[in-house]
Structure formats: C-alpha cells, structure tokens
Amino acid sequence: MMMIIVQEQDYEKLAALLIRNRILATKFLTEGLYTNKKNITLMICIEKEREQEVLEYVRQSCTERYEDRQVWEYNGKTMVDVVRNIKIGGATVIISGVDRVLKY
C-alpha cells in the first residue's frame, strides 16, 4: 500500500504517468495544516515488484520549490499571520504492507 501526498499543481503530471502505465489509485483531496495549501493524496495498492516504478513516476512529476506563503505562527502570546518563504512541493510517500486485498 502506498499513500502519496502531492501538491495540487504536481498532480496532473503524476496522474498522467500512472494512468498511462495502468496503475490504479484512489484520490483524496487534502489540505496542509501549516500552509493551508491544497494537496492530493493518492492511495495505491500495488505489487511489491512495482513499487520502485511508482516511486520513479513520483520523482519525475513532483518537484520542490520555494514560495512566499502566509502562515500562522505563535509569537509567544498569540497566533499571528506572517509571510514566510517556505519549501513546498515534492511528495510525501508512505509505504506499508497489506496482508490481503478483497474486491467484491
């Protein structure tokens, strides 16, 4: 089982590669807490032998970049809006084992 969290702007390129290579996924719309930026989380159940293939598609599609974003930070007394140049993009990939997959 692979869970892949990508920025909304990286999703289309990754989705095209997955579809072209017949890799099925379930898509969830998610949002980061710190940046309030929209993400796409993909859940993919794939054979162990194809994990590296999927990781290569993620590497090709999802790039890190820096962007000025308004974020919430604690200033010692209260939460305040501040603008920070933060790293966004790339992908977070979580891989775990699956004992069985049942389809009805």
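The rules behind the values
- Residues numbered from 1 in each chain as written.
- Predicted model: local features only at pLDDT ≥ 70, side-chain atom pairs only at ≥ 80, totals over all residues.
- Heavy atoms only, no water.
- Buried < 20%, exposed > 50% of the residue type's maximum accessible area, 1.4 Å probe, protein only.
- Helix = DSSP H or I, 4+ residues; strand = E, 2+ residues; numbered from the N terminus.
- Arc of directions from axis to C-beta.
- Contact = heavy atoms within 4.5 Å.
- Axes fitted to C-alpha atoms, helices over the stretch in contact; angles between N-to-C directions.
- Left-handed = near helix turned anticlockwise from the far one by under 90°.
- Nonpolar A, V, L, I, M, F, W, Y, C, P; charged D, E, K, R; others polar.
- Core = buried A, V, L, I, M, F, W, Y, C linked by side-chain atoms within 4.5 Å.
- Polar contact = N/O pair within 3.5 Å; in protein donor to acceptor, adjacent residues only side chain to side chain.
- pLDDT = per-residue confidence, 0-100.

A. Inspection of helix H2 (residues 51-61) at higher detail. The complete set of buried residues in H2 reads Glu-51, Val-54, Leu-55, Tyr-57, Val-58 and Ser-61. Along the axis of H2, the buried residues cluster in a sector spanning 155 degrees; they form a single face. Exposed residues pointing more than 90 degrees away from the buried face of H2 are listed as Gln-52 and Arg-59. Buried residues along H2 sit against strand E1 (2-7), helix H1 (8-20), strand E3 (38-44) and strand E6 (91-95).

B. The packing of H1 against H2, seen in detail. Orientation of H1 relative to H2, taken along the N-to-C sense of each, is 145 degrees, at an axis distance of 9 Å. Where H1 crosses over H2, the two elements pack in a sense that is right-handed. The segment H1 lies against H2, with Asp-10, Lys-13, Leu-14, Leu-17 and Leu-18 engaging Val-54, Tyr-57, Val-58, Gln-60 and Ser-61. Residue composition of the contact of H1 with H2, by class: 6 nonpolar, 2 polar and 2 charged.

C. The arrangement of the nonpolar core in detail. By size, the foremost hydrophobic cluster in this structure holds 18 residues, and its most contacted members are Ile-4, Leu-14, Leu-18, Ile-44 and Val-54. Listing elements by their share of this core, those giving two or more residues are E1, H1, E3 and H2. Broken down by element, the residue count for this core peaks at 5 residues, all from H1. In this structure, Leu-14 is in contact with Ile-4, Val-6, Leu-42, Tyr-57, Val-58, Ser-61 and Cys-62, ignoring residues within four places of it in sequence.

D. Representation of the side chain of Thr-41. Summarising the element assignment, Thr-41 is placed in strand E3. Looking at Thr-41, its side chain comes within polar contact range of the side chain of Thr-30, at 2.9 Å. Here Thr-41 is in contact with Met-3, Ile-4, Ile-5, Thr-26, Lys-27, Phe-28 and Thr-30, once residues within four sequence places are set aside.

E. Representation of the confidence of the model for the protein within the structure. Of all residues in the protein, 97% have pLDDT values of 70 or greater, and the mean over the chain is 90. Within the protein, no element has a lower average pLDDT than strand E4 (residues 64-74), which sits at 85, and none a higher one than H2, at 96.

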